[in-house]
Protein chains: 2
Amino acid sequence: MKSTGSLDTVGNREYGQYCGLARAAEVIGQRWTLLILRDLLVAPRRYSELVAGLPGIPTNLLATRLRELEADGLIRREARSGADRAIVYRPTARGSALIPTLDALSLWGAAELRTPRDGEIVTTAALVTGLRVAARSNVGPDPAIAFGCTVRIGEAVVHAVVENGDVLVAPGAHPEPDLQITGGAGFRDFLAGVTDPGAAAADGSIEVQGDPALLHQFVAIFQVPYSNWVPRTVPA
Amino acid sequence: MKSTGSLDTVGNREYGQYCGLARAAEVIGQRWTLLILRDLLVAPRRYSELVAGLPGIPTNLLATRLRELEADGLIRREARSGADRAIVYRPTARGSALIPTLDALSLWGAAELRTPRDGEIVTTAALVTGLRVAARSNVGPDPAIAFGCTVRIGEAVVHAVVENGDVLVAPGAHPEPDLQITGGAGFRDFLAGVTDPGAAAADGSIEVQGDPALLHQFVAIFQVPYSNWVPRTVPA
DNA sequence: CGGGATCCCCCGAGATACTG
DNA sequence: CAGTATCTCGGGGGATCCCG
């Protein structure tokens, strides 16, 4: 019988170079690993929650990745005792040290995003991460500004709290939002500043409830411009 | 034919999520891609130079990756005319925008590095990147400090110039170095501060020519501490 | 000789059924 | 619920070959 793969000679994973970048690629460069870490860094998760948040991941691969991440010291497997005998995966300090790195990757990749491809969805973890990274990449908001808002894109529901010049983004709806934005594919153009906030609300590409004046504040805080990327297929 | 296949399940490279991090993983998460970009960001390179700097890369894979990177707008293929009809691969602005991201990856990964594994080598591009990233991660050097140095680790030869509070690292030897450091595996402990500079020079783990007093400056500028990573195999 | 393309083999990833 | 077991398939490793 095949060994459980715990000690598979990793030849295929390594690069043979003594280099920080190569090592990083070996540890977090495997397929699905970055998205698993993204979800766990939003909040500790159980196996079934990870499966739900990562549509399409093969369950055996998720199990393998979780084992690898634990062996590499990036996450910890916590078996809770008591009535709720759930197993929870939680980032270690070393895993949390990846946050600036994942933020840099997210920010660069977010500038590549344009119209969603067929079948592409927005998960809650993706939206939390995207908004948080966008806010960090811009200058902090005016400390005088304070509001709470809920954003819904497809199935994803997240909320953000802006106060004291700081921004907090987390899963779920805000209990008493000053602003609610519900959007689809047009939300990206709205965030990029392509669509004027007022126009976006008017033409239905986003739906707004609450104080419309806050929309401009929202864009200023969470804006992510498109990269000036050029389409590859140049017309002849 | 493939009965289930036409469910349009995500192409092998894609994740089916509208997410910056997912996009970044799709574009630069393929095997060898990060190291190719690392080399090209040190200096534009020709195909054969890339092959030489990436030991073990299959040539067909390199050709494929270069095509993908060009299609994704990260690099440009420049066919030089004239006597030297070489083809040179050069990062675009969009590719160069990855520098902060690769730096973050390098820095995180460098903290993971311990004793080189069997067969692991140090390439020139790896050393240039490693020293540059390390210097950026520390507070800038005192503007009053100025020196040039050459560092040799295995086959890799690079030089650094420190002046005006800034640090420049590039391939090749310095023409008139104030300091020369030649090292092997012990160089990493030296950089981490595990070995005192004086002791390292004394016990032969590194070899120094030039002003020994500059060694302390060198360490202060290029130090990369180990992460407090815990070995996975805990003794019973 | 630089810059690839072609071939074969195998491992890792996808899909799904199954189990403690 | 939290994973294994098992199959298939495509991408990557490795060597060789080819073309201008």
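The structure we're discussing is the one just above.
Keep in mind that what you see is a predicted model, and the values were worked out from it rather than measured. (Residues numbered from 1 in each chain as written. Chains lettered and ligands numbered in written order. Predicted model: local features only at pLDDT ≥ 70, side-chain atom pairs only at ≥ 80, totals over all residues. Heavy atoms only, no water.)

Trainee: I keep staring at the relation of the copies chain B and chain A and nothing clicks. Help me out?
Mentor: Each of the two chain copies goes to the other by way of a rotation about an axis and a shift along it. Once chain B has been moved 0.0 Å along the axis and rotated by 180°, it coincides with chain A to within an RMSD of 0.0 Å. In short, the pair behaves as if placed about a two-fold rotation axis. Proximity to the rotation axis, assessed at the C-alpha, singles out Gly29(B) in chain B; its C-alpha lies 2.9 Å from the axis. The overlap is high: 98% of the interface residues of chain B also sit at the interface in chain A, so the same surface is used on both sides. (Least-squares fit on C-alpha atoms with pLDDT ≥ 70 in both. Contact = heavy atoms within 4.5 Å.)

Trainee: Can you walk me through helix α2 (residues 33-42) of chain A in this structure?
Mentor: The element α2(A) is largely enclosed, with a buried count of 8 among its 10 residues. Those residues of α2(A) lying buried are Thr33(A), Leu34(A), Leu35(A), Ile36(A), Leu37(A), Arg38(A), Asp39(A) and Leu40(A). (Buried < 20%, exposed > 50% of the residue type's maximum accessible area, 1.4 Å probe, protein only. Helix = DSSP H or I, 4+ residues; strand = E, 2+ residues; numbered from the N terminus.)

Trainee: Just to check I follow, could you spell out the sheet that holds strand β7 (residues 179-183) of chain B for this structure?
Mentor: Whether parallel or antiparallel, the strands of a sheet pair through hydrogen bonds between backbone atoms. Residue and element names in this part refer to chain B. What the 5 strands build is an open sheet, ordered β6-β5-β4-β7-β8; its pairing is mixed. At either margin of the open sheet sits one strand with a lone partner, and together these are β6 (166-171) and β8 (206-210). Taken pair by pair, the neighbouring strands of this sheet meet at an average axis angle of 15°, ignoring direction. Strands in contact with helix α7 (residues 124-137) are β4 (147-153), β5 (156-163) and β6; relative to β6, the strand with the most contacts, it is inclined by about 175°. Across the sheet, helix α10 (residues 214-222) is in contact with β4, β5, β6, β7 and β8; its angle to β4 comes to roughly 75°. (Pairing = 2+ DSSP bridges. Axes fitted to C-alpha atoms, helices over the stretch in contact; angles between N-to-C directions.)

Trainee: So what exactly am I meant to see when it comes to the interface of chain B and chain A here?
Mentor: In many analyses, interface size is given as the accessible surface area lost on bringing the parts together. Chain B puts 58 residues into the contact, and the matching count from chain A is 57 residues. Buried surface at the junction of chain B and chain A, both sides included, amounts to about 5300 Å², of which 58% is carbon and sulfur. It is Tyr18(B), Leu21(B) and Trp108(B) in chain B that bury the most area against chain A; as a group they hold 19% of the surface buried on that side. Our count for the chain B to chain A interface comes out at 25 residue pairs in polar contact (both at pLDDT 80 or more). Within the residue set of the side of chain B that touches chain A, elements represented by two or more residues are α1 (20-28), α2 (33-42) and α6 (99-110) of chain B. Of the residues assigned to the side of chain B that touches chain A, the class counts are 30 nonpolar, 14 polar and 14 charged. (Buried area = accessible area lost by both parts, 1.4 Å probe. Polar contact = N/O pair within 3.5 Å; in protein donor to acceptor, adjacent residues only side chain to side chain. Nonpolar A, V, L, I, M, F, W, Y, C, P; charged D, E, K, R; others polar.)

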